[in-house]
Amino acid sequence: MRLLIMGPPGAGKGTQAKAVADHFGVPAISTGDIFRANVGQGTPLGVEAKRYMDAGEYVPDEITNNMVRDRIAEPDAEQGFLLDGYPRTLAQVTELDGMIDATGHQLDAVLVLTVDTDAVVGRLLKRAEIEGRPDDTEDVIRRRLEVYAEETEPLIEVYATRGLVVSVDGMGDIAEVQQRIFDALDSVPQS
Ligand code: ADP
């Protein structure tokens, strides 16, 4: 199973990504988590990425693309994967198409979590208190939502044209949303 999960910051992608990936027995690959791990370890990639992340901007495509290419080439992703937070730009869509084509496989579905914007800002501010992520301040949250609307939301249309979008209401408690996701994805044929 090769899946993407999309939705605005705060839609609950990370939480649901792990459950969905476990369900299908594939790794959940979160670009945000990989960047944060690199920031934490002070790697050159982390030092570079941090400048953008702290401002709510996207890390340049070239850096992100190379990182994802390496990650999905690892053995645990051979049977499939769920990407969380990638692609986020049109250029990343094209790159990902190339990466998947090269393996002779195809993308099976793009799960889109829908939420309302006010709820999202509230969730992110609450997460800021709990996790202390440096990009969860109110200004940066607003910027991240803006960048999402400009750069990433249009990708949903691209995947909808390919007939890949599975839209799920992301409002409600975690278990409820998870059940909706499983119901929606269980009818997707696996390649
Ligand atoms: P969010 O809660 O905003 O969805 P993520 O944990 O997915 O957060 O990502 C955090 C930050 O990491 C983003 O704001 C961005 O700076 C960077 N990032 C993650 N994925 C990508 C990507 N595909 N392209 C560029 N930057 C990315």
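Rules used throughout
- Throughout this document, residue positions are counted from 1 along each chain, in the order its sequence is written.
- Where totals are concerned, whole chains, interfaces and linings use all residues; where local detail is concerned, this predicted model gives features only for residues with pLDDT of at least 70, and gives and counts side-chain atom pairs only at 80 or more.
- Excluding hydrogens and water, the side-chain figures rest on all heavy atoms present in the structure.
- UniProt positions are given in the numbering used here, feature names are shortened, and annotations may be inferred rather than shown by experiment.
- One bridge is not enough; two strands pair if DSSP finds at least two bridges between them.
- In this text, helices come from DSSP runs of H or I with a minimum length of four residues, and strands from runs of E with a minimum of two, each type numbered from the N-terminal end.
- Helix axes use the C-alpha atoms of the stretch in contact, all axes being lines fitted to C-alpha atoms, and the angles between their N-to-C directions lie in the range 0 to 180 degrees.
- The contact rule is simple, with two residues in contact once any of their heavy atoms fall within 4.5 Å.

Under the annotation held in an unreviewed UniProt entry, the chain carries the name Adenylate kinase and is attributed to Nocardioides humi. Looking at the chain in UniProt, the text filed under Catalytic activity (unreviewed entry) is "AMP + ATP = 2 ADP". According to its UniProt record, the chain has this under Subcellular location (unreviewed entry): "Cytoplasm".

Re the sheet that holds strand β1 (residues 2-6)
Within the open sheet, the five strands sit side by side as β2-β3-β1-β4-β5. Their pairing is parallel. The open sheet has two free edges, formed respectively by β2 (28-30) and β5 (165-169), since each of these has just one partner strand. Neighbour-to-neighbour, the strand axes of the sheet open up by a mean angle of 20°, direction not taken into account. Relative to strand β3 (residues 81-84), β2 runs parallel, the two being bridged by three bridges. Bridging from a neighbouring strand, Ala28 pairs with Leu82 of β3. Taken strand by strand, helix α7 (residues 138-161) contacts β1, β4 (109-114) and β5, and its axis lies near 140° from that of β1.

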